Amino acid sequence: METATAIFLATLAAGTPLVFAALGELVAEKSGVLNLGVEGMMIAGAVLAFLVAAETGVLWLGVLAAVLAGAAMAALFAVVTLSFQANQVAAGLALTIFGIGASAYLGLDYTGVALKGIGPVDIPVLGELPVIGPLLFALDPLVYLSFVMFAAVVWFLYRTKAGLVLRGIGESPASAHAIGYPVIGIRYLAVLFGGAMAGLGGAYLALAYTPLWVEAMTAGRGWIALALVVFGTWRPGRVMLGAYLFGGITIVQFHVQAIGIDLPPQVLSMLPYLATIVVLVLISRHAGMIRINAPASLGMSYHPAA
Amino acid sequence: MIRLEPRPRASKAMRYLSPVIAAALTGVCGVIFSALAGLDPLDTFYAFFIAPIDDRYGLGELGVKAAPLMLIATGLAIGFRSNVWNIGAEGQLTLGAVSGGGLVLLFYDSGSAWLLPGAVVAGAIGGMLWAAIPAILRTRFNTNEILVSLMLNYVALLLLSYLVHGPWRDPEGFNFPESRLFPDSAMLPVILADTRLHLGFLFAVAAVAIGWVFVRRSFIGYQMRVAGLAGGAAEYAGFNRARMIWIGLLAGGAAAGVAGICEAAGPIGQLLPSISPGYGYAAIIVAFVGRLHPIGILLASLLMSLLYLGGEAAQMELGLPSAVTGIFQGVLLFLLLAVDLFVNYRVRFKTTVVEEALS
């Protein structure tokens, strides 16, 4: 029971940064913008979260800084792809390369510094309940925030008019423009939201998951988040489930050795990346499912004047 | 009032000028960056970008770093032209080093004259096999090649790490994660005395020439250009999309594989846990900045190589992490993409007739 609880909590923790980043990217992609720079925005969030938290001693300021850093990175991407109509694939790569470089520079003096990270909340009675206490009422605040963000994204996309407009723009920007919606403006907001969420994912890594700064510590999670959006066929619920599935795979690495399977650590570390490829293949085989669910204008530049 | 106006047709001059403008603006960013870091901008600029290449050895180093970039960018450009997005060159490079280096370690004592050519061929095959994974998944299962090729970068690095920590570790290497030093017969000869410039540079130049012939003179090269410019037209003409995906990915894989073994059998001389400072990613930028054109790629690879040399100088003199190079690589690509707006648009300062009438 103890072990099961531990595995559940570890899976949740490993999945949470992916939940943030993938939900953010989902919203951006729903508006028709493919931002491949998630890895870069995430690492920017991670480094600024750590830096600000270490300097001020206030963890929440670190989280705020990460949100702003992610959004600022996304703003760069938005200017280049939305206002300047650049190729989204190339701009996303530039963002990732830039983010990894800039974070290594900013984090130089903080490498190896440890921080007292964000711990679980302390709810008096509920937290002490047997079994469900630790599982539901003693998680850290950012995990609860990820649940809230999930509900907010679902509600926004499928229950509000603004969400409908955003999805409409993702399907056909020209029609949305003809009706009179500000296509570029709404895409800007969607991309900025994606950046802020990627920043949050980075903050979770640097302040809660492993509260220390290591160069390139996101280790491809931004790319996995991108894959999760495809895997979840652009539906928030499936994306969230996918994130926890990957959290689970990350955790498996640590438990495989414990049960006596002797694999080299490098082989175990390959698991999340190989699993990403496998799930992508499984989902892409159903070409129809991808075609029905993917926003029709995904990755294409649009400018009303053109 | 300043406003943007679509050009009646894309400006050819701007197409060629915009990489130059982007490079110049990146230089300006470098000056601002060093000023912010409290350094004298001009001294810093000189120390990082002029001093490293003001002698024969330095020029050799410029070629040493430009070679893999040129080679890989040429291979990638073939795919990029037809919208095949191989961003797994870093992994393909690693697999090239693994398979070529594996051959060298296997026939370590043979002393055969065929060892080096064999290793280069094995490197190319290794890179192609690694690139064949996204190709087959794309053509058979419609799986996104961007994500698959990228994921394989991490897998390749872990594979190399496993090999040099485990089975291929030098038994006399004091437990360092390194293979044995390659024998002289497996090392690429130096082609310019008193430098480290090796035969791989000529491979790269040859690749640029082959790339040019392929794109400009072959029918499939023509088809791939059409597919990149107008996908619908290519489909209507019945051009075989699967074949383009295969060629695009395999060309990049082969080039990256050769670059990988050339690093291992050139400047490095053995297998280490990391054999590339991100050449596979930087080459993507080189391909874009070079406009996917052979001559452009040649020039852009020299520019990118200079960025690497500047980064190394910064590392040694200021203790900055090598990743700092990435900042300028990213900025360069960003600026290029931004300046490219003016290929299709021009700035007008005058008001239009309508606005005049309204005012």
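Up top is the structure.
First, a word on scope: everything that follows refers to the structure included in this document. (Residues numbered from 1 in each chain as written. Chains lettered and ligands numbered in written order. Predicted model: local features only at pLDDT ≥ 70, side-chain atom pairs only at ≥ 80, totals over all residues. Heavy atoms only, no water.)

Each partner contributes residues to the interface: chain A has 47 residues there, and chain B has 41 residues. Summed over both partners, the interface of chain A with chain B comes to about 3,700 Å²; 84% of that surface belongs to carbon and sulfur atoms. When the buried area of chain A at its contact with chain B is split by residue, A:Ile97, A:Tyr105 and A:Gln266 rank highest and sum to 16% of it. Counting across the chain A and chain B interface gives zero salt bridges. Counting across the interface, chain A meets chain B through three residue pairs in polar contact (both at pLDDT 80 or more). When residues of the side of chain A that touches chain B are traced back to their parent elements, those giving at least two are helix 3 (59-83), helix 4 (88-106), helix 10 (221-231) and helix 12 (265-284) of chain A. The element best represented in the side of chain A that touches chain B is helix 4 of chain A, accounting for 13 residues. For the side of chain A that touches chain B, the class distribution of residues is 34 nonpolar, 10 polar and three charged. (Contact = heavy atoms within 4.5 Å. Buried area = accessible area lost by both parts, 1.4 Å probe. Salt bridge = Lys/Arg side-chain N within 4 Å of Asp/Glu carboxyl O. Polar contact = N/O pair within 3.5 Å; in protein donor to acceptor, adjacent residues only side chain to side chain. Helix = DSSP H or I, 4+ residues; strand = E, 2+ residues; numbered from the N terminus. Nonpolar A, V, L, I, M, F, W, Y, C, P; charged D, E, K, R; others polar.)

On to the environment of B:Phe49. Along the chain, the position of B:Phe49 falls in helix 2 (residues 41-50). Residues contacting B:Phe49, with those up to four places away along its chain left out, are B:Leu306, B:Leu307 and B:Gly310.

Quick look at the environment of B:Ser82 now. Residue and element names in this part refer to chain B. As for its placement among the helices and strands, serine 82 is situated in the loop between helix 3 (56-81) and helix 4 (89-106). For serine 82, a relative accessible area of 0% corresponds to the buried category. Setting aside residues no more than four positions away along its own chain, serine 82 makes contact with Met224, Ala227, Gly228, Arg241 and Met244. (Buried < 20%, exposed > 50% of the residue type's maximum accessible area, 1.4 Å probe, protein only.)

Moving on: a nonpolar patch on the surface. A contiguous nonpolar patch, built from B:Leu17, B:Val20, B:Ile21, B:Leu25, B:Val28, B:Ile32 and B:Leu36 and spanning about 620 Å² of accessible area, is present on the exposed surface. When you line up the elements, B:Leu25 lands in helix 1 (residues 12-36). (Patch = residues over 30% accessible without salt bridge, like charges linked within 9 Å, V, L, I, M, F, W, Y side chains within 5 Å. Areas by Shrake-Rupley, 256 points an atom, 1.4 Å probe, with all protein chains shown as cover.)

Right, let's talk about the packing of aromatic side chains for a bit. Per the counting criterion, the structure on display carries 12 aromatic pairs over all chains. For the ring pair A:Tyr144 and A:Phe147, a centre distance of 6.3 Å and an interplane angle of 80° mean the geometry is edge-to-face. Taken together, the residues span about one helical turn, with A:Tyr144 and A:Phe147 both in helix 6 (residues 141-159) at a distance of three residues. A:Tyr144 sits in the partly exposed class, given a relative accessible area of 23%. Taken together, a centroid distance of 5.2 Å and an interplanar angle of 40° make the contact between B:Phe80 and B:Trp85 tilted. By relative accessible area, B:Trp85 is classed as buried at 11%. An aromatic cluster of at least three residues, connected via ring pairs, comprises A:Tyr105, B:Phe33 and B:Phe328. (Phe/Tyr/Trp six-rings, centres within 6.5 Å; stacked < 30°, edge-to-face > 60°.)

Right, let's get into the nonpolar core. Ranked by internal contacts, the top residues of the largest apolar core, which has 192 residues, are A:Trp223, B:Ile72 and B:Met304. If near-sequence neighbours (up to four positions away) are discounted, B:Met304 is found in contact with B:Leu69, B:Ala282, B:Ile285, B:Val286, B:Gln329 and B:Leu332. (Core = buried A, V, L, I, M, F, W, Y, C linked by side-chain atoms within 4.5 Å.)

Moving on to the packing of helix 7 (residues 161-171) of chain A against helix 9 (residues 183-209) of chain A. Residue and element names in this part refer to chain A. For the pair helix 7 and helix 9, the least separation of the axes is 10 Å and the interaxial angle reads 105°. The angle between helix 7 and helix 9 places the two elements in the roughly perpendicular class. Residues Val165, Leu166 and Ile169 of helix 7 touch helix 9, and the partners they reach there are Val183, Ile186, Arg187 and Ala190. Class assignment for the residues of the contact of helix 7 with helix 9 results in six nonpolar, no polar and one charged. (Axes fitted to C-alpha atoms, helices over the stretch in contact; angles between N-to-C directions. Parallel < 35°, antiparallel > 145°, perpendicular 65-115°, else oblique.)

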